[in-house]
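# Coordinates in review
Each chain, letter by letter, is given below.
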Amino acid sequence: MPDDPQVADGGHPVDETLPPLKMFTSGLQHVAAMYAGVVAPPMIVGPAVGLTPKETAFLMGASLFTAGIATLLQTLGFWRIGARLPFVNGVSFAGVTPMIAIGKDRGHDGIAVIFGAIIVAGLLGFVLAPYFCKLVRFFPPVVTGTVITLIGVSLLPVAFNWSQGGNAMADGYGSTTNISMAALTLVIVLALRKLLRGFLQQIAILLGLVAGTLIAIPVGITDFGAIKDADLIGFPTPFHFGAPQFEIAAIISMCIVMLVCMTESTADMLALGKIVGRPADERTIEGGLRADTLGSAVSPLFNGFMCSAFAQNIGLVAMTKVRSRFVVAAGGGILVVLGLVPVGASVIALVPLPVLGGAGIVLFGSVAASGIQTLAGAALEKGENALIVAAALGIGLIPIAAPEFYHAFPKDLLVVLDSGISTGCVVAIVLNLAFNHLGRKPEPVAEEPTSTEAAAPVPAH
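Residues numbered from 1 in each chain as written. Predicted model: local features only at pLDDT ≥ 70, side-chain atom pairs only at ≥ 80, totals over all residues. Heavy atoms only, no water.

An unreviewed UniProt entry annotates the protein chain as Nucleobase:cation symporter-2 family protein originating from Streptomyces sp. 900116325. Its UniProt record, at the heading Subcellular location (unreviewed entry), says of the protein chain: "Cell membrane". In its Sequence similarities (unreviewed entry) section, UniProt records this for the protein chain: "Belongs to the nucleobase:cation symporter-2 (NCS2) (TC 2.A.40) family." (UniProt positions renumbered as here; feature names shortened; annotations may be inferred.)

This is the structure we're talking about:
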């Protein structure tokens, strides 16, 4: 937990503005941490639905642009839209498999159907946000700690995949060269965090990525092809692939994905609120979900996909201790510019995935560590809390430890079951209700705690 919840002027660190250079470099660090996650879904979906490499590249630029818009909605906000936390939004991985199933080999028509389904799902989520946010009462520390831990652990395989090269079908995947570069980057980041002080320590991840990329050039794993093929300017023309089309089956599928994304975003906001020292209440979660869903509904207009929280950036906030939402807003502005200037986006893409993987191990591990810290105050010695954590973690780890475990289940169920975060979250909520709420009688001798006492963690004995 943060040690200094107030800044010098008496305001909260979340609302602090930094000098322009620090704002830019810290925002750029967030972009570097999320870039691969934003461009990966369109990189997968584009070829699957039959788009050309140039059209797929257009989708990637559009995804950067719409991720920037969604991030600005979250951090700056307006009216009752936006969590106003350092909350990064980007393309959701949860929708990749359903989108491929919807649009496979259908070309532009497939993309149009996907976009139509996302628009409807986004609008439905926007309507449901005021009601969905009330689930926050079912997220006590025993639940939030479990979910935050699962978020970090679920992201670690992504870092391991990047460390091997990112594409299991490519030559050199898992080679000693790739893994050595990931290990070297990890060592550089840890050394920079140890040796540097002040602002330079805060951007150790960015400096580590730059150092790792420079070292990777003579090693031969840095690809300059993206810069050569990139256009200088490129606006994501609205409805580039045609007007959205609406099919019932596709809409139902993407609405399920939207509910999954809303569940994960709720957990992410609770995690981030603890990390920055501004706990996310119902109104904060309502605003965050509205930004998520509105961003998703608007995204297809500019040829982007469904937007949701990027948990890897929570790890960056936890590690750097830079909690300003305006830093992340700067990152959102950079994303918008990258979407409009493809050649600029290609410079960020120079970072080899093994280098990103080495840094990712620290980032994602930091999220898991935050979850463990939350569990430390969850009174695991009382009642069946330890059993709740054990069952939720065990079930949540199934998609990670045994990816084919649910292979015989209906594809529609896989949208939820293949997400360890979602399944673990549901199990933790249900078991918490079963063991700590249903059928329990109030203790007659216990006095009613004050709101401050109720919020305080149980001290360890």
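As a further point, take the overall build of the protein chain. Scanning the protein chain for helices and strands turns up 20 helices and two strands. Classification of the 461 residues of the protein chain by burial places 52% in the buried group. A separation threshold of at least 6 residues defines the contact pool for the protein chain, and within that pool the share at least 24 residues apart is 83%. For the protein chain, the exposed area adds up to about 20100 Å²; of that, 67% sits on carbon and sulfur atoms. (Helix = DSSP H or I, 4+ residues; strand = E, 2+ residues; numbered from the N terminus. Buried < 20%, exposed > 50% of the residue type's maximum accessible area, 1.4 Å probe, protein only. Contact = heavy atoms within 4.5 Å. Areas by Shrake-Rupley, 256 points an atom, 1.4 Å probe, with all protein chains shown as cover.)

Now for the side chain of T146. Mapping T146 onto the fold places it in helix α5 (residues 141-164). On the accessibility criterion, T146 (0% relative accessible area) is buried. Among the polar contacts listed, one links the side chain of T146 to the backbone oxygen of V142, at a separation of 2.7 Å. Sequence-distant contacts of T146, defined by excluding residues within four places in its chain, comprise P141, L375, V389, A392 and L393. (Polar contact = N/O pair within 3.5 Å; in protein donor to acceptor, adjacent residues only side chain to side chain.)

Quick look at helix α15 (residues 353-376) now. The first and last C-alpha atoms of α15 sit 34 Å apart over 24 residues, in line with the 34 Å expected at 1.5 Å per residue. At G360, α15 shows its maximal kink, close to 30°. (Expected span 1.5 Å × (residues − 1). Bend = angle between axes of the 7 residues up to and from the residue.)

Contact geometry for α5 and α15: axes closest at 7 Å, N-to-C directions at 165°. In terms of orientation, α5 and α15 fall into the roughly antiparallel class. The handedness of the crossing between α5 and α15 is left-handed. When the residues that make up the contact of α5 with α15 are grouped by side-chain class, the tally is 20 nonpolar, 13 polar and no charged. (Axes fitted to C-alpha atoms, helices over the stretch in contact; angles between N-to-C directions. Parallel < 35°, antiparallel > 145°, perpendicular 65-115°, else oblique. Left-handed = near helix turned anticlockwise from the far one by under 90°. Nonpolar A, V, L, I, M, F, W, Y, C, P; charged D, E, K, R; others polar.)

Let us look at the pattern of salt bridges. The final tally for this structure, using the stated rule, is six salt bridges. Notably, a salt bridge pairs R80 with E286, separated by 3.3 Å at the nearest N-O pair. Highlighted residues: R80 in the loop between α2 (53-75) and β1 (89-91) and E286 in helix α11 (residues 282-298), separated in sequence by 206 residues. Given the relative accessible area of 33%, R80 is considered partly exposed. Salt bridges sharing partners connect three or more residues here, namely D15, R278 and R325. (Salt bridge = Lys/Arg side-chain N within 4 Å of Asp/Glu carboxyl O.)

Here we take up the environment of G273. Secondary-structure assignment places G273 in helix α10 (residues 248-276). C-alpha separation for the pair G273 and F87, spaced 186 residues apart in sequence, amounts to 9.7 Å. Discounting residues that sit within four places of it in the chain, G273 has contacts with R278, P279 and A280.

The next point concerns the packing of aromatic side chains. Ring pairs (aromatic) are described by centroid distance and by the angle formed between their planes. The full count for this structure, using the stated rule, is five aromatic pairs. Centre to centre, the rings of F405 and Y406 are 5.0 Å apart; their planes meet at 85°, and the pair counts as edge-to-face. The class for F405 is partly exposed, based on a relative accessible area of 49%. Consider the rings of Y406 and F409, whose centres lie 5.4 Å apart with planes at 90°: the pair is edge-to-face. Ring-pair connections join several aromatic residues into one group, and the members of that group are F405, Y406 and F409. One cation-aromatic arrangement involves R290 over F126; the distance from NZ or CZ to the ring centre is 5.7 Å. (Phe/Tyr/Trp six-rings, centres within 6.5 Å; stacked < 30°, edge-to-face > 60°. Lys NZ or Arg CZ within 6 Å of the ring centre and 35° of its normal.)

Moving on to unusual backbone geometry. The backbone of W79 sits at a positive phi, close to 50°, despite the residue not being glycine. Among the structural elements, W79 can be located in the loop between α2 and β1. On the basis of relative accessible area, W79 is assigned to the exposed category, the value being 59%. The phi dihedral of N303 falls on the positive side, at around 70°, and the residue is not glycine. By secondary structure assignment, the location of N303 is in the loop between α11 and β2 (307-309). Overall, N303 belongs to the buried group, its relative accessible area being 1%.

To continue, consider the packing of α5 against helix α19 (residues 420-436). One can describe the packing of α5 onto α19 by two numbers: an axis separation of 9 Å at closest approach and a directional angle of 165°. Between α5 and α19, the crossing angle belongs to the class labelled roughly antiparallel. Where α5 crosses over α19, the handedness of that crossing is right-handed. Here V142, V143, V147, L150, I151 and S154 of α5 come into contact with α19, specifically with G420, I421, G424, C425, A428, I429 and N432. Of the residues in the contact of α5 with α19, the class split is nine nonpolar, four polar and no charged.

Turning next to helix α16 (residues 385-396). Spanning twelve residues, α16 covers 16 Å between terminal C-alpha atoms, matching the ideal 16 Å at 1.5 Å per step. Against the buried residues of α16 lie α5, α15, α17 (398-401) and α19.

Ranked by size, the top nonpolar core spans 104 residues in total, and within it I114, M254 and F305 carry the most contacts. Apart from the residues within four sequence positions on either side, M254 is in contact with G95, P98, M99, I102, A117, I118, A121 and M306. (Core = buried A, V, L, I, M, F, W, Y, C linked by side-chain atoms within 4.5 Å.)

The subject of this paragraph is the confidence of the model for the protein chain. For the protein chain, the average pLDDT comes to 81, and 87% of its residues sit at 70 or higher. Here residues 1-5 scores under 50 on pLDDT; set against residues more than four positions off or in separate chains, the count is 13 contacts. Note that residues 442-461 has pLDDT below 50 and, in this model, five contacts with residues that lie over four places away or in other chains. (pLDDT = per-residue confidence, 0-100.)

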